[in-house]
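Letter by letter, the chains look like this.
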Amino acid sequence: MSRHLGRGSVSLSLRRLTRSAVEEILGRSTTGAGGKLEWSILIFDDFGRDLVAPILKVGELRKMGVTLYLKLSASREAVSEAPAIYLVQPTEANMKIIAKDCIEEKYRSFNIHFTSPVSRKLLELFASELQSRSSIANISVKDQFLSFVSPEHDLFTLQMPHSYYTIGSVHTSQEQINNYFEIVTNGIIHVLLTLQVVPIVVSVRTAAAEELARLVTARIRDIIKEHYLAPHADVSRPVLIITDRNSDLATPLIQPFTYRALLHDTLGMNLNKVTVSTTDHELVDSDPLWQELAGKEFSDVLERTNEETAKLKQQKDNLGKASGELEEQTQAMTDAMSSASGVVEKKRHISTHNALQKALHEAIQKGRLDEFNGVAEEMLLQGQFDKKKITELIKSEAPLDQRVRLAVLYYLLSDPDDKARMDAAKEFESYLTKQAPVADEGAVADVSKLEATEAPLHLAFKYLKKVRGFTMPQRAEKEGRGSMGQFFGGKKVLDDVLKAVKGTAQQHLPHTRILDAVLQSNRSKRDDEKSKVIRNLDCIDPKTGQAINLSSLTFNTAIVFVIGGGNFIEYEDLKTWESLEENKDKTVIYGTTELLRGSEFLQQLSHLGEE
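Residues numbered from 1 in each chain as written. Predicted model: local features only at pLDDT ≥ 70, side-chain atom pairs only at ≥ 80, totals over all residues. Heavy atoms only, no water.

1. Observations concerning the pairing of strand E9 (residues 200-204)
Line of reasoning, step 1. Burial analysis of E9 places 5 of its 5 residues in the buried class, the great majority of the element.
Line of reasoning, step 2. Side-chain alternation along E9 places Ile200, Val202 and Val204 on one buried face and Val201 and Ser203 on a second face that is also buried.
Line of reasoning, step 3. Sheet topology places E9 next to strand E10 (residues 239-244); 4 bridges connect them, and they run parallel. Looking at the pairing, Ser203 lines up with Ile242 of E10. (Buried < 20%, exposed > 50% of the residue type's maximum accessible area, 1.4 Å probe, protein only. Helix = DSSP H or I, 4+ residues; strand = E, 2+ residues; numbered from the N terminus. Pairing = 2+ DSSP bridges.)

2. Things to note about the packing of helix H14 (residues 369-382) against helix H15 (residues 387-394)
Line of reasoning, step 1. As a packed pair, H14 and H15 sit with axes 11 Å apart at the nearest point and diverge in direction by 140°. By the angle class used here, H14 and H15 are oblique. Helix-helix and strand crossings are classified by hand; for H14 and H15 the assignment is left-handed. Across the interface between the two elements, Glu371, Phe372, Val375 and Met379 of H14 pack against Lys389, Ile390 and Leu393 of H15.
Line of reasoning, step 2. In terms of residue class, the contact of H14 with H15 is made up of 5 nonpolar, no polar and 2 charged. (Axes fitted to C-alpha atoms, helices over the stretch in contact; angles between N-to-C directions. Parallel < 35°, antiparallel > 145°, perpendicular 65-115°, else oblique. Left-handed = near helix turned anticlockwise from the far one by under 90°. Contact = heavy atoms within 4.5 Å. Nonpolar A, V, L, I, M, F, W, Y, C, P; charged D, E, K, R; others polar.)

3. Let's talk about the sheet that holds strand E16 (residues 557-563)
Line of reasoning, step 1. Across the sheet, 8 strands lie side by side as E7-E8-E17-E16-E10-E9-E13-E14; this open sheet has mixed pairing. Of all strands in the sheet, those bounded by a partner on one side alone are strand E7 (149-152) and strand E14 (546-547).
Line of reasoning, step 2. Note that E10 and E16 share 6 bridges and pair parallel. Bridged to Val239 within E16 is Ala558.
Line of reasoning, step 3. Seen against the sheet, helix H21 (residues 510-519) touches E9, E10, strand E13 (537-541), E16 and strand E17 (587-592) and runs at an angle of roughly 150° to E10.

4. Digging into the packing of aromatic side chains
The relative placement of two aromatic rings is captured by the distance of their centres and the angle of their planes.
Line of reasoning, step 1. Scanning the model with the defined rule gives 16 aromatic pairs in all.
Line of reasoning, step 2. For the pair Phe44 and Tyr69, a centre-to-centre distance of 6.5 Å together with 35° between the ring planes defines the contact as tilted. In this pair, Phe44 is assigned in strand E2 (residues 40-44) and Tyr69 in strand E3 (residues 66-71), connecting sequence segments 25 residues apart.
Line of reasoning, step 3. Of the residues examined, Phe44 reaches a relative accessible area of 9% and is grouped as buried.
Line of reasoning, step 4. A ring pair is formed by Phe385 and Tyr410, whose centres lie 5.5 Å apart and whose planes are at 85°; its orientation type is edge-to-face. Here Tyr410 lies in helix H16 (residues 400-412) and Phe385 lies in the loop between H14 and H15, a separation of 25 residues in the sequence.
Line of reasoning, step 5. Residue Phe385 is classed as buried on the basis of its relative accessible area, which comes to 18%.
Line of reasoning, step 6. One aromatic cluster is present, built from ring pairs that chain together Phe257, Tyr259, Trp290 and Phe298. (Phe/Tyr/Trp six-rings, centres within 6.5 Å; stacked < 30°, edge-to-face > 60°.)

5. Some details on the sheet that holds strand E4 (residues 79-88)
Line of reasoning, step 1. Reading across from one edge, E3-E2-E4-E5-E6 is the order of the 5 strands in this open sheet, with parallel pairing throughout. Both edges of this open sheet fall to E3 and strand E6 (139-143), since each of them pairs with a single strand only. Direction aside, the axes of adjacent strands within the sheet are offset by 20° on average.
Line of reasoning, step 2. Each of E4, strand E5 (107-114) and E6 is contacted by helix H4 (residues 92-103), which is oriented at about 160° to E5, the strand it contacts most.

6. Quick look at empty space enclosed by the protein
Line of reasoning, step 1. This structure, assessed with the given rule, holds 2 cavities of 30 Å³ or more.
Line of reasoning, step 2. Of the voids in this model, the largest cavity is the one considered here, and its volume is about 60 Å³.
Line of reasoning, step 3. In this structure, the largest cavity is lined by Pro252, Ile254, Pro256, Ala261, His264, Asp265, Asn567, Phe568, Ile569, Leu596, Arg597 and Gly598.
Line of reasoning, step 4. Looking at the lining of the largest cavity, the elements that each hand over two or more residues are helix H9 (259-267) and helix H23 (568-579).
Line of reasoning, step 5. Sort the elements by how many residues they give to the lining of the largest cavity and H9 lands first, with 3 residues.
Line of reasoning, step 6. Looking at the second largest cavity, its volume works out to about 40 Å³.
Line of reasoning, step 7. Considering the residues around the second largest cavity, the lining is formed by Leu253, Gln255, Phe372, Ala376, Gln402, Arg405 and Leu406.
Line of reasoning, step 8. Those elements that provide at least two residues to the lining of the second largest cavity are H14 and H16.
Line of reasoning, step 9. Among the elements that take part in the lining of the second largest cavity, H16 stands out by supplying 3 residues, more than any other.
Line of reasoning, step 10. In terms of residue class, the lining of the second largest cavity is built from 4 nonpolar, 2 polar and 1 charged. (1 Å grid on protein atoms, 1.4 Å probe; cavity = no way out; pocket = protein on both sides within 12 Å on 5 of 7 lines; lining within 4 Å. Points joined across faces, edges and corners; volume = space filled by probe spheres on them.)

7. Details of unusual backbone geometry
Line of reasoning, step 1. Despite not being glycine, Glu105 shows a phi value in the positive range, around 50°.
Line of reasoning, step 2. Inspection of the secondary structure assignment puts Glu105 in the loop between H4 and E5.
Line of reasoning, step 3. The phi angle at Ser277 is positive, at roughly 50°, despite the residue not being glycine.
Line of reasoning, step 4. Mapped onto the elements, Ser277 comes out in the loop between strand E11 (273-276) and strand E12 (279-282).

8. Some remarks on the confidence of the model for the chain
Line of reasoning, step 1. Residues at a pLDDT of 70 or more form 82% of the chain, whose mean pLDDT is 86.
Line of reasoning, step 2. Across the chain, element-level confidence peaks in strand E8 (residues 155-157) with a mean pLDDT of 98 and bottoms out in helix H19 (residues 472-479) with 40.
Line of reasoning, step 3. Considering only residues more than four positions removed or in separate chains, one finds that residues 471-485, a stretch of pLDDT under 50, has 25 contacts.
Line of reasoning, step 4. Predicted confidence for residues 500-505 stays below pLDDT 50, and this span has 10 contacts to residues more than four positions away or in other chains. (pLDDT = per-residue confidence, 0-100.)

9. A closer look at helix H22 (residues 528-535)
Note on helix geometry: an α-helix contains 3.6 residues per turn, so any two residues three or four positions apart are oriented the same way.
Line of reasoning, step 1. Buried residues of H22: Lys530, Val533 and Ile534, and no others. The buried side chains of H22 occupy one side of the element, clustering within an arc of 100° when seen end-on. For H22, the exposed residues set more than 90 degrees away from the buried face come down to Asp528 and Arg535.
Line of reasoning, step 2. On its buried face, H22 sits against H21 and E13. (Arc of directions from axis to C-beta.)

10. Overview of the environment of Cys539
Line of reasoning, step 1. With respect to the helices and strands, the residue Cys539 is situated in strand E13.
Line of reasoning, step 2. Linking Cys539 and Ile200, residues 339 residues apart in sequence, is a C-alpha distance of 7.2 Å.
Line of reasoning, step 3. Other than its neighbours up to four places away in sequence, Cys539 contacts Ile200, Val201, Val202, Gln546, Ala547, Ile548, Leu550 and Leu553.

11. Here we look at the side chain of Ser599
Line of reasoning, step 1. Along the chain, the position of Ser599 falls in helix H24 (residues 598-610).
Line of reasoning, step 2. If we skip the residues at most four places from it in the chain, Ser599 touches Asp401 and Arg405.

12. Digging into the pattern of salt bridges
Side chains that differ in charge, positive against negative, can pair when their charged atoms come close.
Line of reasoning, step 1. Following the criterion strictly, the structure yields 39 salt bridges and no others.
Line of reasoning, step 2. When the shortest N-O distance is used, the salt bridge between Asp46 and Lys71 registers 2.9 Å. Pair noted here: Asp46 is in helix H2 (residues 46-52) and Lys71 is in strand E3, with a separation of 25 residues, a long-range link.
Line of reasoning, step 3. Judged by relative accessible area, Asp46 falls into the partly exposed class, the value being 37%.
Line of reasoning, step 4. Salt-bridge contacts for Arg405 lead to Asp401; the nearest nitrogen and oxygen are separated by 4.0 Å. (Salt bridge = Lys/Arg side-chain N within 4 Å of Asp/Glu carboxyl O.)

Next up, the structure:
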């Protein structure tokens, strides 16, 4: 018999809750005596900017009293009559800049909000920096639990660049590893605090996922004791499913073909903003067309946009007709004018979509992206390998990164015992290696310098061969770090990827299939594959710290978190699963260390191949 943990469901809109938290920060700081609105200055670092960007636009900030928003690290003039609101990460560099502002009395008051709790060490540093001030009466410091960014209502990212490379590189020190897991743990805990839920924690059996599950479980127990978490007793507990990028190395390399994923992968959409020919286009909640089409196939998007463009033209014609017949059709004119502002807004939205779709169409034509998408999905979801078509695409004039992604995907999904497939993969690697630029000597030892360098893309093959060839104990011994010194499963990782796609055609991607097995409420209909998935997951109740039998539990809500980088392809696959009739009572949130474009993931694999 299955147990359902609670009765009601969790109301999940991370972006709405995050917005409320930021509005509260701004509201407190911009409200003066008698509740009067005061004009203030908002100062943020890169993370603070990313936190605010998806949830509050410029006009909304102005309505809340924010007249200026400035970057902390930029040169800023003093505005001594205005209060300042800081929204920044608690780092030593940020502390010193803020302390300098305070000493110079740049602003009337200093309302400092850290996105996560500041350590005692940093507070002491801040205090020592302010010793020359006679008074600190106009300085306030507050901790927030906002170390995540929510570009969608049910999506969050920790904005951790190179998150796959960092835990895979032999150059990453134990201190860096510890810091990495501290940041990830904080991000997940802050999401749980925002939602006010205590989940059951489930993890796949990779070293990284298991370590993160251990840390998150311990931290949940701490915050329960400290009374930070007080969920409603009648709300059902969600499940937090911690997965690892190494559970599925293939999906990030697929060429996507849905609207949102294409915008991200092809045009570099960042936090719902896309730049085309120096023009910024923002995709907003108030745009019903974006809400409808974001996850749709691009061909469907074009058709619907054309329909809406035709409707808009008709509305504009009606507006003009009413204007021209004012005496006879006063009521018609009144009705038309009442909707004029809506027509203007709709025109702006459609203009944005037309510009973006034109840019995407050109990229698709030039790069044959639809064909790359087709063969990639055939391999991953159907187990079909059209070698003739794949060879033609790899030897085509398409961008090099597209061709290498396809070849690496072919290698990842091929059975190592299939000589013909391995020979073909070797042929693809040899061909692409000859097309690649000559590699600089030596690997990048400093992760902060990765963005300034590019590894030859074919080196991704070298890394994956190395992973396939060694075992976990061998690497741990080589690095002298013990079992916690590495977070990759060697040959087992790629074998698991292969097993995930072998056999019959699959409807969903690997992480969605894990979700499906965990959330499947009808246990009697669970097939052998789902039962096997359940048996290979660890499950802990943070309230007790004890392992529990996952097969006896039923959930309505899941938070799926991928350590090592996620992507919009996985997010949209999870939402497709959620939209199915049999899952209408289920809710899914997707989170990750960073949202990766295919080319970015390939670069991280290639940098690892340099080592």
